Amino acid sequence: MSTLHVAITGRDKRHLAALGPKLRVVVVGYREEKHRFVVDAYVHADKVAWLKRQGYGVARLEEVDAHDRARQAEGHAAATRRLKKGRYGDVIWGGGYLTADEVEQAMVLGEQNHGAYFERIALPNVTWERRRCHAFRIGKGNGRSRPAVCFIGGVHGREWGGPDILIYFAVRLLRAYRDREGFRLGKKRVSPALVRRLVETMDIVVLPQVNPDGRAFSMDRHPFWRKNRRPAPRGQGFRSIGVDLNRNFPFLWRFDRHFAQGTVESTHKPGDYETYVGPRPASEPETRNVMWLLDRFPNIRYYVDLHSYGETILHSWGSDDDQSKDPRMNFRNTTYDGKRGRILDDVYSEYIPATDKNDAVQMGRHMAAAIRLVRGREYEVKQSVGLYPTAGASDDYAYSRHWVDPKKGRLIAFTIEWGRSHASTPFHPPYPEMRKVMREVSAGLLALCLRALAKRTTGSKA
Ligand SMILES: [Zn+2]
C-alpha cells in the first residue's frame, strides 16, 4: 500500500488534532492560515477518500515510496564512490549521506586526527542488531566547572540528516581549531579566538547516531522506517518489530494513565508502524545510552535532539501547554492523572518556571538568528506540544530529570526539526539540499555553544 505525503486542510483545530491519535495518520506539523489550518501529514492512499468524505481538503504533495527509493539508490551510489576513493566516513568530501557504519568510522577518524581534544566514548548498551555505539566529547582538558552542551541525533531511522549534521559540525570545529583558524557558514562567522575558547573551556558532548539499526534499515530496506529494531514479541510477525525510541523515555511513559483518553498518539501495540512505546520505560538499549550519557556529564546545561522536519526549534514542554503560576500542577502530581494532554483547556498545564522558559525562548531565538544568516531560512521557535502532546520523548525527559532528582544537572532542552517541508522526501532530502541544511543547523548549534559559554563567564544563571 502506498503512502502519500499530503496537506490536509480543515477549519477545526481540535478535529484536525484528533486525526493523529485516532486514525494513525502521521502528523508532522501544522500551520494556521486565514480561517483554516493546514496539516502536513503522511497517510495511506486508502484513507484519502475517507478524509475527503469527512470534509477535509487533501492536497497530494508527493508519492512517498518512489521518491524514497530514489534517495536510497543515490545513497548507495555515493557510498560506493567514497569506498573506492578511500573516503570512507568522510562527511566533508561527502557526496551522500553517511551509512550507519560510516558514522561510527567518522568518530574513529576524529580520534586519529584530533586526539588531544577529541574523546571517543563507548556507550554501554549494544543495539538489538549488536551494533556498538559511540558518543564523543570535543574539549581540550577537563574540569568539573566547565559548562557542557549535549547534542544527539539519529533517534529516528528515516531522518538521515541528523548524524550527518552532527559529524559535519564537529569536523568543521575540529579542523578550525587544529589550523588555528576561524570559519564561515554563509554570513555567520566564527573567529579563531572564539574557536579556541570553545574547545579549551567547554565540553561539547555529541551522540550523533542513537539508532544505527533503524538508520541502516531505512537506508537499505524500508526508507520510511522510524523505530529501532527490537525483535517482534513471540508469535508476532515482522510488522511488530521495533520501538519508537522517542516515546520510550521515562517521562509520563504510561500515557494511558497520565493523559486524558485519546489525546496522545502513542500506543502499546508493537504492530504500530510509528509510535509503539515499548514494553517498559527505558526498555531499549538506545534509550539507555542517551540516559547514561546525561548521567556521565552532569555539567550539561543545554541539550538538543535533532529530528526532521519542519524548520522549528521546540522547547519544553511537549506534554501539555506551559504555565508558570502553579508549581504543584506538574508531571509528578498524580492528582492530574487522566487529565493531561488536552491543549487549550484550563484543567491541566505543565509547570515551567518563568526563568527557564525565558532562557529557552531566548536561546531558541539566538539559534534561529544564526540559522537565518546562513541562507535565510526562518526556523520558528515554539513550545514543543504542537497539535497534540507527546509522552516519553527525549527532550522532556532531559529537562525533567532535575525535577525528579535534584542531584541531576539542570538543563534546558530543545528539539530541532531541521529541513523544509517542501523539499522532496523531507525526512531525507536530496543531498545537495541536505548540505545546506547541515550548514545552517551547524550555525545554530555553534550559536548555542557560544551563548552557553558567554552566560557562564558573565556569571548569569545557566
Ligand atoms: Zn524524529
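Keep in mind the model is a prediction, meaning the values are calculated, not measured.

*Asks:* Got a minute to help me understand the coordination of the zinc ion in this structure?
*Replies:* For a metal bound by four donors in a tetrahedral arrangement, the ideal donor-metal-donor angle is 109.5 degrees, while six donors in an octahedral arrangement ideally sit at 90 or 180 degrees. The coordination sphere of the zinc ion contains the protein donors H156 (ND1), E159 (OE), E159 (OE) and H307 (ND1), at a distance range of 2.0 to 2.4 Å. Around the zinc ion, the four donor atoms sit at angles spanning 57 to 146°, and that spread fits a shape best called irregular. Spacing between the donor residues of the zinc ion along their common chain follows H-x2-E-x147-H. Taken together, the residues H156 in the loop between β7 (148–152) and α5 (161–178) and H307 in strand β11 (residues 300–308) connect sequence positions 151 residues apart. Of the two residues examined, H156 and H307, each falls in the buried class.

*Asks:* When you look at the domain arrangement of the protein chain in this model, what are you seeing that I'm missing?
*Replies:* By convention, interface size is frequently given as the accessible area that disappears when the constituent parts associate. Considered domain by domain, the protein chain is made up of domain 1 (3–63) and domain 2 (87–462). Inter-centroid distance (C-alpha atoms) of domain 1 to domain 2 is 27 Å. Each side of the interface is counted separately: domain 1 has 17 residues, and domain 2 has 23 residues. Buried area between domain 1 and domain 2, both sides added, is near 1600 Å², and the carbon and sulfur share of it is 58%. Of all residues in domain 1, the largest losses of buried area upon contact with domain 2 belong to P21, R24 and Y30, amounting jointly to 29% of the total for that side. Applying the counting criterion to the domain 1 and domain 2 interface returns zero salt bridges. Between domain 1 and domain 2 we count five residue pairs in polar contact (both at pLDDT 80 or more) in total. In terms of residues, the side of domain 1 that touches domain 2 owes the most to one element, helix α1 (residues 13–23), which gives six residues. When grouped by side-chain class, the residues that make up the side of domain 1 that touches domain 2 number ten nonpolar, two polar and five charged.

*Asks:* Sorry if this is basic, but what is going on with the nonpolar core here?
*Replies:* Membership of the largest hydrophobic core comes to 104 residues, with the highest contact counts inside it found for F151, L173, I204 and F414. Dropping the residues within four chain positions of it, F151 is found in contact with L166, F169, I204, V205, V206, L207, V304, L445, L448 and C449. Core analysis: the next-biggest nonpolar cluster, separate from the first, contains 19 residues, L4, V6, L19 and L387 among them.

*Asks:* Any chance you could explain the pairing of strand β2 (residues 26–33) here in plain terms?
*Replies:* Here seven bridges tie β2 to strand β3 (residues 36–44), and the two strands are oriented antiparallel to one another. Within β3, the residue paired with V26 across the bridge is Y42. The turn linking β2 back onto β3 is made up of two residues, and H35 within it adopts a positive phi angle of 60°.

*Asks:* Any chance you could explain the packing of helix α9 (residues 285–296) against helix α11 (residues 394–404) here in plain terms?
*Replies:* Helix packing geometry: the angle between the two helix axes and the distance between the axes. Here α9 crosses α11 at 40°, and the two axes come no closer than 12 Å. As the angle between them shows, α9 and α11 are arranged oblique. Between α9 and α11 lies a crossing whose hand is right-handed. Residues M291, L294 and D295 of α9 touch α11, and the partners they reach there are Y397, A398 and R401. Along the lines of polarity and charge, the residues of the contact of α9 with α11 split into four nonpolar, no polar and two charged.

*Asks:* Before we go on, may I ask you to explain the packing of aromatic side chains in this structure?
*Replies:* The description of an aromatic ring pair rests on the distance of the ring centres and on the angle between the ring planes. Applying the stated criterion to the full structure yields 20 aromatic pairs. Aromatic side chains Y399 and W403 sit 6.4 Å apart centroid to centroid with 80° between the ring planes, which places their arrangement in the edge-to-face category. Of this pair, Y399 and W403 both sit in helix α11, separated by four residues, roughly a single helical turn. Three or more aromatic residues link up through ring pairs in this structure, and these residues are F251, W317, F331, Y351, Y399 and W403. We note R229 situated over the ring of F217; from NZ or CZ to the ring centre the distance is 3.6 Å. Sitting over the ring of F331, R332 keeps its end group 5.7 Å from the ring centre.

*Asks:* Help me understand the sheet that holds β2, please; the structure alone is not making it clear to me.
*Replies:* Two orientations exist for strands paired in a sheet by backbone hydrogen bonds: parallel and antiparallel. Pairing within the open sheet is antiparallel, and its four strands lie in the order β2-β3-β1-β4. Both edges of this open sheet fall to β2 and β4 (57–63), since each of them pairs with a single strand only. Within the sheet, the average angular offset between the axes of one strand and its neighbour, ignoring direction, is 20°. In the sheet, strand β1 (residues 3–10) pairs with β3 via eight bridges, with the strands oriented antiparallel. Residue pairing across strands places A7 opposite D40, the latter belonging to β3. The sheet strands contacting helix α3 (residues 64–84) are β1, β3 and β4, and the helix crosses β4 at an angle near 25°.

*Asks:* Where do I start with the pattern of salt bridges in this structure?
*Replies:* Should their charged atoms come close, side chains of opposite charge can pair. Taken as a whole, this structure holds 36 salt bridges when the rule is applied. Of the charged contacts, one joins D213 and R131 as a salt bridge, the two residues approaching to 2.8 Å between their closest N and O atoms. Linking D213 in helix α7 (residues 212–220) with R131 in the loop between β5 (118–122) and β6 (134–138), this pair joins segments that are 82 residues apart in sequence. R131 sits in the partly exposed class, given a relative accessible area of 23%.

*Asks:* Just to check I follow, could you spell out the sheet that holds strand β10 (residues 203–207) for this structure?
*Replies:* Across the sheet, eight strands lie side by side as β5-β6-β10-β7-β11-β16-β12-β15; this open sheet has mixed pairing. For this open sheet the edge positions go to β5 and β15 (380–383), each flanked by a neighbour on one side alone. Here the strands of the sheet are splayed against their neighbours by 20° on average, with no regard to which way each runs. Pairing between strand β12 (residues 312–315) and β15: four bridges, direction parallel. Counted as the bridge partner of I313 is V381 from β15.

*Asks:* What's the story with the side chain of H134 in this structure? I'm lost.
*Replies:* Structurally, H134 can be placed in strand β6. Apart from the residues lying within four places of it in its own chain, the contact partners of H134 are E104, M107, R120, I121, A122, L123, L207 and P208.

*Asks:* How should I be thinking about the packing of α5 against helix α6 (residues 192–201) in this particular structure?
*Replies:* Their axes nearest at 9 Å, the elements α5 and α6 cross at an angle of 105°. When the axis of α5 is compared with that of α6, the two are roughly perpendicular. Between α5 and α6, the contacting residues are L173, A176 and Y177 on the first element and V195, R196, L198, V199 and E200 on the second. Of the residues in the contact of α5 with α6, the class split is six nonpolar, no polar and two charged.

Reading guide: rules and limits
Residues numbered from 1 in each chain as written. Predicted model: local features only at pLDDT ≥ 70, side-chain atom pairs only at ≥ 80, totals over all residues. Heavy atoms only, no water. Donors = N, O, S within 2.8 Å, 3.2 Å for Na, K, Ca; no water. Tetrahedral: all angles 85-135°; square planar, octahedral: opposite > 155°, others 65-115°. Helix = DSSP H or I, 4+ residues; strand = E, 2+ residues; numbered from the N terminus. Buried < 20%, exposed > 50% of the residue type's maximum accessible area, 1.4 Å probe, protein only. Domains from an automatic or database assignment. Contact = heavy atoms within 4.5 Å. Buried area = accessible area lost by both parts, 1.4 Å probe. Salt bridge = Lys/Arg side-chain N within 4 Å of Asp/Glu carboxyl O. Polar contact = N/O pair within 3.5 Å; in protein donor to acceptor, adjacent residues only side chain to side chain. Nonpolar A, V, L, I, M, F, W, Y, C, P; charged D, E, K, R; others polar. Core = buried A, V, L, I, M, F, W, Y, C linked by side-chain atoms within 4.5 Å. Pairing = 2+ DSSP bridges. Axes fitted to C-alpha atoms, helices over the stretch in contact; angles between N-to-C directions. Parallel < 35°, antiparallel > 145°, perpendicular 65-115°, else oblique. Left-handed = near helix turned anticlockwise from the far one by under 90°. Phe/Tyr/Trp six-rings, centres within 6.5 Å; stacked < 30°, edge-to-face > 60°. Lys NZ or Arg CZ within 6 Å of the ring centre and 35° of its normal.

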